[in-house]
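Here are the chains, one letter per residue:
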Amino acid sequence: LRYTISQSDNNTCDMLIDFAGGPAAVDSCVRRAGIEDFAVTQTEHTMHLDPQNCYANYSSPSAVVRLMQAVYDGRIITGAYLDALLRAMFATETGPDKLRAGIPAEIPLGHKTGSSDRTPEGVKIGDNDAGFFVLPDGRCCYLAVLIRDSREDDATNARMIARIAEAVYEEMQANP
């Protein structure tokens, strides 16, 4: 779990998907939690074999946020499993130039980055970061920034994600 979340290891991601019963089982589990507007049909392996397979896996930002809220609030997993997941999210090493760059370093941020391959035409199918940060007053803010079909380079995509995170953080600070 730590490798999958904290380091975005695609091999361990596929191992976890297989352990859970495959993409359909993962999709079904999330749907049972009342989350809609997403689909999980592909593994990392099948997406790398054909980047067009990335389009079969999708989500709206609001679905990602609802899933994170349900997990964080203990409605999906609890106890040691929840603790391990949260530790992994707070220890994420990937994407220091994405959400983390827009949130002050002293603010706890748990997040998971995601990045697809590019099409032969150079289009980045997905460049994402989703997570939550905890303000000094204890409020938790959930945030998902999902970039799709970008012709920008990775650094530009990351700057867009960081700017959005910074704007959300500043709004949360201004409106307690």
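If you're wondering where the values come from, they're calculated on a predicted model, not measured in any experiment.

### Brief notes about the sheet that holds strand β5 (residues 140-150)
Here is step 1 of the chain: The 3 strands are arranged β3-β4-β5 in an open sheet whose pairing can be described as antiparallel. Looking at the sheet topology across the chains shown, the edges are occupied by β3 (109-115) and β5. Averaged over neighbouring strand pairs, the angle between their axes works out to 5° when direction is ignored.
Here is step 2 of the chain: Relative to the sheet, helix α6 (residues 79-90) contacts β3 and β4 (124-134), its axis offset from that of β3 by approximately 75°.

### Let's talk about the nonpolar core
Here is step 1 of the chain: Core analysis: the biggest nonpolar cluster contains 14 residues, and M68 and M89 have the highest contact counts within it.
Here is step 2 of the chain: The set of elements that each furnish at least two residues to this core consists of α5 (61-72), α6, β4 and β5.
Here is step 3 of the chain: Among the elements that take part in this core, α6 stands out by supplying 5 residues, more than any other.
Here is step 4 of the chain: Core analysis: the next-biggest nonpolar cluster, separate from the first, contains 13 residues, L135, C141, V145 and A165 among them.

### A short note on the packing of aromatic side chains
Here is step 1 of the chain: Applying the stated criterion across every chain yields a total of 5 aromatic pairs.
Here is step 2 of the chain: For the pair Y72 and F132, a centre-to-centre distance of 4.7 Å together with 55° between the ring planes defines the contact as tilted. Here Y72 is found in helix α5, whereas its partner F132 is found in strand β4, with 60 residues between them in sequence.
Here is step 3 of the chain: A relative accessible area of 26% places Y72 in the partly exposed class.
Here is step 4 of the chain: Residues F132 and Y142 carry aromatic rings whose centres are separated by 6.2 Å and whose planes lie at 50° to one another, so their mutual orientation is tilted. Within this pair, whereas F132 is found in strand β4, its partner Y142 is found in strand β5, the two being separated by 10 residues in sequence.

The rules behind the values
Residues numbered from 1 in each chain as written. Predicted model: local features only at pLDDT ≥ 70, side-chain atom pairs only at ≥ 80, totals over all residues. Heavy atoms only, no water. Pairing = 2+ DSSP bridges. Helix = DSSP H or I, 4+ residues; strand = E, 2+ residues; numbered from the N terminus. Axes fitted to C-alpha atoms, helices over the stretch in contact; angles between N-to-C directions. Contact = heavy atoms within 4.5 Å. Core = buried A, V, L, I, M, F, W, Y, C linked by side-chain atoms within 4.5 Å. Buried < 20%, exposed > 50% of the residue type's maximum accessible area, 1.4 Å probe, protein only. Phe/Tyr/Trp six-rings, centres within 6.5 Å; stacked < 30°, edge-to-face > 60°.

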